[in-house]
Amino acid sequence: MKIAIGCDHAGPALKAEILAHLDEKGIEYTDFGIQEGEKVDYPEKAEEVCRKIADGSYDMGILICGTGVGMSMCANKVKGIRAACCSDYFSAKYTRAHNDANVLCIGARVLGAGLAAELVDVFIETPFEGGRHQRRIDKITDIENRN
Ligand code: RB5
């Protein structure tokens with residue numbers, strides 16, 4: 001399991017907490033920045049990180065901005081990305097189980113580090129259920145290919 005993680009200027013502090021959490025759990029990741037004191041517009045970081053997931057270099061991504069919403073909008077423009085902006089445990093679990101989400105977007109101005117770490121854990125640990133859900137994922141891909 002290799003995670004690609006990135007944020008805009010709203011996210012470095014929460015990103016640091018999540019990286020410490022991933023270190024504790026021994027989960028491999030690459031930090032695509034940015035760091036405290038730097039600035040980037042979230043569309044640039046979302047595209048950079050999501051391209052690395054879409055091309056198979058990483059299994060999953062974590063993107064952090066102020067709300068998580070801007071990152072999720074941009075991430076979902078990249079073919080092959082299914083990004084979910086989550087601020088509750090149930091959504092983070094079922095977007096993996098049913099939507100086979102491959103990017104978790106988190107709002108640094110929405111959540112504290114404790115809940116963010118719980119969402120990261122459940123997102124990483126929950127397998128896609130497949131079965132009838134695969135048919136729906138295929139329909140997402142159809143939309144992507146038609147538009
Ligand atoms: C940046 O100030 C903020 O707009 C951004 O982090 C994010 O919340 C957008 O969705």
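Predicted, not measured: the structure shown is a model, and the values here were computed from it. (Residues numbered from 1 in each chain as written. Predicted model: local features only at pLDDT ≥ 70, side-chain atom pairs only at ≥ 80, totals over all residues. Heavy atoms only, no water.)

A. The packing of aromatic side chains, seen in detail. Inspection of the entire model under this criterion finds 2 aromatic pairs. Seen in terms of ring centroids, Phe32 and Tyr58 are 5.6 Å apart; in terms of plane orientation they differ by 80°. Their pairing is edge-to-face. Placement of Phe32 in the loop between strand 2 (28-31) and helix 2 (42-54) and of Tyr58 in the loop between helix 2 and strand 3 (60-65) is noted, with a sequence separation of 26 residues between them. Taken individually, Phe32 and Tyr58 each receive the classification buried, so the pair is uniform in this respect. With centroids separated by 4.5 Å and ring planes inclined at 35°, the aromatic side chains of Phe90 and Tyr94 adopt a geometry described as tilted. (Phe/Tyr/Trp six-rings, centres within 6.5 Å; stacked < 30°, edge-to-face > 60°. Helix = DSSP H or I, 4+ residues; strand = E, 2+ residues; numbered from the N terminus. Buried < 20%, exposed > 50% of the residue type's maximum accessible area, 1.4 Å probe, protein only.)

B. Summary view of the packing of helix 1 (residues 12-25) against helix 5 (residues 113-125). At a minimum axis distance of 10 Å, the contact between helix 1 and helix 5 shows a crossing angle of 50°. Taken together, the axes of helix 1 and helix 5 are oblique relative to one another. As for the relative orientation of helix 1 and helix 5, their crossing is right-handed in sense. In contact with Leu14, Glu17, Ile18, His21, Leu22 and Lys25 of helix 1, helix 5 contributes Ala113, Ala116, Ala117, Val120, Asp121, Ile124 and Glu125. Of the residues that constitute the contact of helix 1 with helix 5, the class distribution is 8 nonpolar, 1 polar and 4 charged. (Axes fitted to C-alpha atoms, helices over the stretch in contact; angles between N-to-C directions. Parallel < 35°, antiparallel > 145°, perpendicular 65-115°, else oblique. Left-handed = near helix turned anticlockwise from the far one by under 90°. Contact = heavy atoms within 4.5 Å. Nonpolar A, V, L, I, M, F, W, Y, C, P; charged D, E, K, R; others polar.)

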